[in-house]
Amino acid sequence: MESAQPTDTEEPVVLPPPPPVIPPNVVPKKVSMSNRVPMARSGTGRKGQSIQLYTNHFKVGVTNVDGFFSHYSVSLFYEDGKPIDGKGIGRRLIDRVHQTYHTELAGKDFAYDGEKSLFTVGALPQQNFEFTVVLEDMSSNRTSGNGSPGGNDSPGEGDRKRQRRPYQSKTFKVEIRFAARIPMKAIANALRGHDSESSQEALRVLDIILRQHAAKQGCLLVRQSYFNNEPRNFTDIGGGVVGCRGFHSSFRTTQGGLSLNIDVSTTMIIKPGPVADFLVANQNVRHPSEIDWGKAKRMLKNLRVKTRPSNMEFKIVGLSELPCDQQLFTLKQKNGRDANGDSPVQTVEITVYDYFVNYRHVEIGYSASLPCINVGKPKRPTYYPLELCSLVSLQRYTKSLSTHQRSSLVEKSRQKPQERMRVLTDALKGNNYDADPMLRACGVTINTHFTQVEGRVLTAPKLKVGNGEDFFPRNGRWNFNNKKLLEPTKIERWACVNFSARCDIRSLCRDLSRCGEQKGIFIDQPFDYFEESPQWRRSPPTVRVEQMFELIKTKLPGAPQFLLCVLPERKNSDIYGPWKKKNLSEFGIVTQCIAPQRVNDQYLTNVLLKINAKLGGMNSLLAVEHSPSIPLISRVPTIILGMDVSHGSPGQSDVPSIAAVVSSRQWPLISRYRASVRTQSPKVEMIDSLFKPTSDTEDSGIVRELLLDFYMSSGKKKPDQIIIFRDGVSESQFTQVLNIELDQIIEACKFLDENWSPKFTVIVAQKNHHTKFFQLQSPDNVPPGTVVDKAICHPRNHDFYMCSHAGMIGTTRPTHYHVLLDEIGFSPDDLQELVHSLSYVYQRSTTAISIVAPISYAHLAATQMSQFMKFEDMSETSSGHGGITSAGAIPVPELPKLHENVSSSMFFC
């Protein structure tokens, strides 16, 4: 067929323009073509005094290195062929397959992950299997014959009907299909530094065997941790929540061979027992009649309960609309026999209360006037009175904890080093891994003694304070008693604002001035004191802040240099966010919030350290940056970046994540920083706004902003070296940091100057790991400055553990640093010394901190800016889609910009 061509007389057909692929005026972001991988270790450090340590890694032997694992995919179906989507039943079905078809499976043991993967040592007789299995007891899915009233049927009738419905079936089909072969030799290769997908899979199988070992003992499994149902491991932290102590265990490849890392782990569970008791505690009310049932319904959904008198287990679907003594259902009864010998069925409308009291002869007390628990289906309810339901144990509590709960959990779960060692030794013995048939088949043996490693204790860096004095920290600490700050600021135009009814702000300001004078800070008399009027105290926080500013504007001639703000609550004051936003975003005023409980000189000094840093002063410096004589950094303009992303609390799936990057300024200093903060899609870990070109010449990204600030504050010098400290990424995301984030930073540099090619060093810092160190001859924590880069580190990659701070309580958690890239060319000693020194430049405190200051500052900046936006309103009703709906990504609200007066300050300090 010929294509239709326009004739001379016809108008040519004008097609509409194609839809734009990208918004106008936006330069598309270059897709990364890089393929960087983490660098190999170049050597180990030598500086510092040698120290012998134990670590909670236990040596593992593998004798069956010529063997292999077979990986099978598992599919589970109901009798009618409908796939099973619910979790929890898989282990029971696979156990039943193992029992019933043991001979057909050549007597092989399984390692099953509880979902879609099953592993065996060696191969099964066939590649594919289809089995039919029967489970006798399906009690958690259906009502029993003598259960509670269900839908419009009598309990007995409903039960018989439900058995015929496919999702209540007792017969199941299990398909097992061969997927892959994993050689155990891959583990040996990984120990030689040749990491591969096979070696990761082989280690995953070993981890699955440990999880299965715990599951068979009835433990709650949370990733690689497991928790026993032993009340001695429970600690009540209030609000109906219990901290449950358990253990983390994972296999790790190290320089010293394969090891099993075991550590104490804690998760939160719902307090088991009567549902009413839990709700009363959770909502902090005195009596069940005061419970907010809307909140209760959201909290209880999907929790499991045991019911009286049948002692059966069900999942909660919801609550009844009406109270127990008003909620009706249709009860079907057989009424004798008629003339034909049939049993006619009579239906009666009856309340749940009457049914249990009169038909089941169960006494119902306080819950008669309360909603019932529905354990049936939303449209086919099965009701139980509240007081007949008890929450079963080991159900995770996944909502975010209150400040009180968090501090209670920390306090109650602390363990001194010796106690932790004892608990871990007992756990390893109690687990009896030697008896596990799968581990035996792999030829895996686990040593029960802590691994001994050699560490080194680095000397604390010398500090410079006021009046040209040098200062030598001892045990990771120093103080400013009888000393002056290095660069004290002057506070001339300031005022004090009081939102707390209890505080005497005049005497507080007098004490602050006196203490400041001793440290070298000149603090003039405050211009005025502003007390909140009692009439506003019950107003919303934004209104209280607005009213306070109206009052300030009437009294002050212009914007003050500084505002001291006294808050009514010590933690989580709802005034904090609106107050900070008003000051930093709208007016550009530096502000310090306090909520003093006990005011003494130590407290006032800590407050002054923050104020001085925010106003551009400097409390102390490293002597080596003052000289300046930092290896490789003092000679070549160098910028240090600290990067972090903070996410919403658990259960807040649609709260935007906050990305913060701080950068050093005024090179050759490495103690002064500023921050740039942006929102991004919920739960996204990679920072997506490092480079954001909006036209051929404009880039609104984070990196450009920080590079320009460095240039202006460092004598118009571009940094030829960029050191990046990245927090909060797991080992599986290292290549993304190297190939996505680093590419964006390089693009931002090229966008400023095509010919500029700085050198990069990229270091990831991890706190969320399970390696601990213990001293051989001492019950104390390891000394500050302890570094370990042998025996338990990665067989190939460049990593080390550093305990830079003095652990005063509990057991010190080292920071695990991974050097992913080092184009600058640090020696292991120079890099470890730099990391150690950066734990001493944190201006807020007079102690070495546990992680480098740029990362701590990034975390502070993200946390403080997140308070600008009140996200909490969305959290309760969050849909749980992680920011994605059927209509696409939810637009992420932007943070308000900081006022130019404070944008370069250490406002976050």
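Residues numbered from 1 in each chain as written. Predicted model: local features only at pLDDT ≥ 70, side-chain atom pairs only at ≥ 80, totals over all residues. Heavy atoms only, no water.

Chemist: Looking at this model, I keep getting lost on the overall build of the protein chain. Mind explaining?
Modeler: Looking only at helices and strands, the protein chain has 20 helices and 43 strands in total. Counting over 909 residues, the protein chain shows a buried share of 53%. Considering only residue pairs separated by 6 or more positions, the protein chain has 74% of its internal contacts joining residues 24 or more positions apart. Accessible surface, the protein chain: about 42400 Å² in total, of which carbon and sulfur atoms supply 49%. (Helix = DSSP H or I, 4+ residues; strand = E, 2+ residues; numbered from the N terminus. Buried < 20%, exposed > 50% of the residue type's maximum accessible area, 1.4 Å probe, protein only. Contact = heavy atoms within 4.5 Å. Areas by Shrake-Rupley, 256 points an atom, 1.4 Å probe, with all protein chains shown as cover.)

Chemist: How should the pattern of salt bridges be read in this particular structure?
Modeler: Where charged atoms of side chains with opposite charge meet at close range, the side chains can pair. What the rule picks out here adds up to 35 salt bridges. Put simply, Arg 177 and Glu 130 hold a salt bridge, and the shortest N to O gap is 3.4 Å. Of this pair, Arg 177 sits in strand 7 (residues 171–183) while Glu 130 sits in strand 6 (residues 128–134), and the two are 47 residues apart along the sequence. (Salt bridge = Lys/Arg side-chain N within 4 Å of Asp/Glu carboxyl O.)

Chemist: Help me understand helix 7 (residues 352–359), please; the structure alone is not making it clear to me.
Modeler: It helps to recall that an α-helix has 3.6 residues per turn; residues three or four apart then point in one direction. All of the buried residues in helix 7 are Val 352, Tyr 355 and Phe 356. Buried positions in helix 7, seen along its axis, are confined to an arc of 90° and lie on one side of it. Looking one or two places after helix 7, you find His 361, whose phi comes out positive at around 55°. (Arc of directions from axis to C-beta.)

Chemist: Sorry if this is basic, but what is going on with the packing of aromatic side chains here?
Modeler: The way to describe two aromatic rings as a pair is by their centre distance and the angle between their planes. Taken as a whole, this structure holds 24 aromatic pairs when the rule is applied. Between Phe 450 and Phe 774, the ring centres sit 5.7 Å apart and the planes meet at 85°, which makes this aromatic pair edge-to-face. Highlighted residues: Phe 450 in the loop between strand 22 (444–446) and strand 23 (451–457) and Phe 774 in strand 38 (residues 773–775), separated in sequence by 324 residues. Both residues of the pair, Phe 450 and Phe 774, belong to the buried class. Through a chain of ring-to-ring contacts, the aromatic side chains of Phe 314, Phe 329, Tyr 355, Phe 356, Tyr 359 and Tyr 384 assemble into a single cluster. One cation-aromatic arrangement involves Arg 181 over Phe 68; the distance from NZ or CZ to the ring centre is 3.7 Å. The ring of Phe 522 carries Lys 490 above its face, with NZ or CZ at 5.9 Å from the centroid. (Phe/Tyr/Trp six-rings, centres within 6.5 Å; stacked < 30°, edge-to-face > 60°. Lys NZ or Arg CZ within 6 Å of the ring centre and 35° of its normal.)

Chemist: Got a minute to help me understand the sheet that holds strand 21 (residues 389–391) in this structure?
Modeler: In a beta sheet, neighbouring strands are held together by backbone hydrogen bonds and run either parallel or antiparallel to one another. With antiparallel pairing, four strands are arranged side by side in an open sheet as 13-21-14-15. The sheet is open, and its two edges are formed by strand 13 (273–274) and strand 15 (312–315), each paired on a single side. Taken together, the three bridges between strand 14 (residues 304–307) and strand 21 define a ladder with antiparallel strand orientation. Residue pairing in the sheet places Thr 307 in a bridge with Cys 389 of strand 21. (Pairing = 2+ DSSP bridges.)

Chemist: What is the right way to read the sheet that holds strand 29 (residues 529–531) from this model?
Modeler: If you walk across this open sheet you meet the four strands as 29-27-30-31, and the pairing is parallel. With partners counted over all chains shown, the strands left at the sheet margins are strand 29 and strand 31 (590–594), one partner each. For this sheet, the mean inter-axis angle between neighbouring strands, taken without regard to orientation, is 20°. As paired strands, strand 27 (residues 494–498) and strand 29 are joined by three bridges and run parallel to one another. Bridge assignment links Cys 496 to a residue of strand 29, and that residue is Tyr 529. Packed onto the sheet, helix 12 (residues 541–555) meets strand 27, strand 29 and strand 30 (562–566) and runs at close to 150° relative to strand 29. Contacts between helix 13 (residues 576–587) and the sheet are confined to strand 27, strand 30 and strand 31, with strand 31 contributing the most and set at about 165° to the helix. (Axes fitted to C-alpha atoms, helices over the stretch in contact; angles between N-to-C directions.)

Chemist: Even after reading the chapter, I still don't get the packing of helix 11 (residues 505–519) against helix 14 (residues 601–614), so can you show me in this structure?
Modeler: How two helices pack is summed up by the angle between their axes together with the distance between the axes. For the pair helix 11 and helix 14, interaxial distance at closest approach is 9 Å and the crossing angle is 70°. In terms of axis orientation, helix 11 runs roughly perpendicular to helix 14. Together, Leu 508, Asp 511, Leu 512, Arg 514, Cys 515, Gly 516, Gln 518 and Lys 519 of helix 11 and Asp 601, Leu 604, Thr 605, Val 607, Leu 608 and Ile 611 of helix 14 make up the contact between the two elements. For the contact of helix 11 with helix 14, the residue count by class is seven nonpolar, three polar and four charged. (Parallel < 35°, antiparallel > 145°, perpendicular 65-115°, else oblique. Nonpolar A, V, L, I, M, F, W, Y, C, P; charged D, E, K, R; others polar.)

Chemist: Explain the nonpolar core to me, please; I cannot follow it from the model alone.
Modeler: The nonpolar side chains of a soluble globular protein tend to be buried, and buried together. Ranked by internal contacts, the top residues of the largest apolar core, which has 83 residues, are Leu 564, Ile 670, Phe 725, Tyr 817, Leu 838, Tyr 857 and Phe 908. By residue number, the principal contributor to this core is helix 19 (residues 853–866), which donates eight residues. Dropping the residues within four chain positions of it, Tyr 857 is found in contact with Val 662, Tyr 673, Val 841, Tyr 842, Gln 843, Met 906, Phe 908 and Cys 909. (Core = buried A, V, L, I, M, F, W, Y, C linked by side-chain atoms within 4.5 Å.)

Chemist: Whenever I open this one, the side chain of Ser 663 confuses me. Can you help?
Modeler: Tracing the backbone through its elements, the reader meets Ser 663 in strand 34 (residues 657–664). Owing to a relative accessible area of 0%, Ser 663 belongs among the buried residues under this scheme. Discounting chain neighbours no more than four positions away, the residues touching Ser 663 are Ile 639, Ile 640, Leu 641, Arg 672, Tyr 673, Arg 674 and Leu 706.

Chemist: Is there a simple way to explain the packing of helix 5 (residues 275–282) against helix 6 (residues 293–300) in this structure?
Modeler: In contact at an axis separation of 11 Å, helix 5 and helix 6 are set at 115° when each is read in the N-to-C sense. In the crossing of helix 5 with helix 6, the sense of the turn from one axis to the other is right-handed. Where helix 5 abuts helix 6, its residues Val 275, Phe 278, Leu 279 and Asn 282 lie against Trp 293, Ala 296, Met 299 and Leu 300. Each residue belonging to the contact of helix 5 with helix 6 can be placed in one class, and the counts come to seven nonpolar, one polar and no charged. (Left-handed = near helix turned anticlockwise from the far one by under 90°.)

Chemist: Explain unusual backbone geometry here, please?
Modeler: Outside of glycine, negative phi angles account for most residues, and trans bonds account for most peptide bonds. Going from Arg 308 to Pro 309, the amide bond is cis rather than trans, its omega being 0°. In this structure, Pro 309 sits in the loop between strand 14 and strand 15. Here the bond from Trp 667 into Pro 668 is cis, since omega is 15°, no more than 30 degrees from zero. Residue position: Pro 668 is located in the loop between strand 34 and strand 35 (673–680). Even without being glycine, His 361 reaches a positive phi, approximately 55°. The phi dihedral of Lys 716 is positive, around 55°, even though this residue is not glycine. Relative to the helices and strands, Lys 716 resides in the loop between helix 16 (702–713) and strand 36 (721–727). For Lys 716, a relative accessible area of 54% puts it in the exposed group.

Chemist: Please explain the environment of Ile 849 as it appears in this structure.
Modeler: Following the sequence through the fold, Ile 849 ends up in the loop between helix 18 (828–837) and helix 19. The spacing of Ile 849 and Cys 803 is 46 residues in sequence and 9.1 Å in space, taken between C-alpha atoms. If we ignore the near neighbours within four places in the chain, the residues touching Ile 849 are Ser 804, His 805, Ser 839, Tyr 842 and Ser 856.

Chemist: Please clarify how the side chain of Ser 903 should be interpreted in this entry.
Modeler: When you line up the elements, Ser 903 lands in the segment after strand 43 (888–889). Look at Ser 903 and you get buried, because its relative accessible area is 18%.

Chemist: Would you mind showing me how to read the pairing of strand 1 (residues 49–55) here?
Modeler: On a regular strand, one side chain projects to one face of the sheet and the next to the other, so that they alternate. The pairing of strand 1 with strand 23 spans seven bridges and is antiparallel. Opposite Gln 49, over in strand 23, you have Val 457 as the bridge partner. Pairing of strand 1 with strand 38, which is carried by three bridges, proceeds in the antiparallel orientation. Its bridge partner being in strand 38, Thr 55 is matched across the sheet by Phe 773.

Read these as layout, nothing more, since geometry by itself doesn't imply function.
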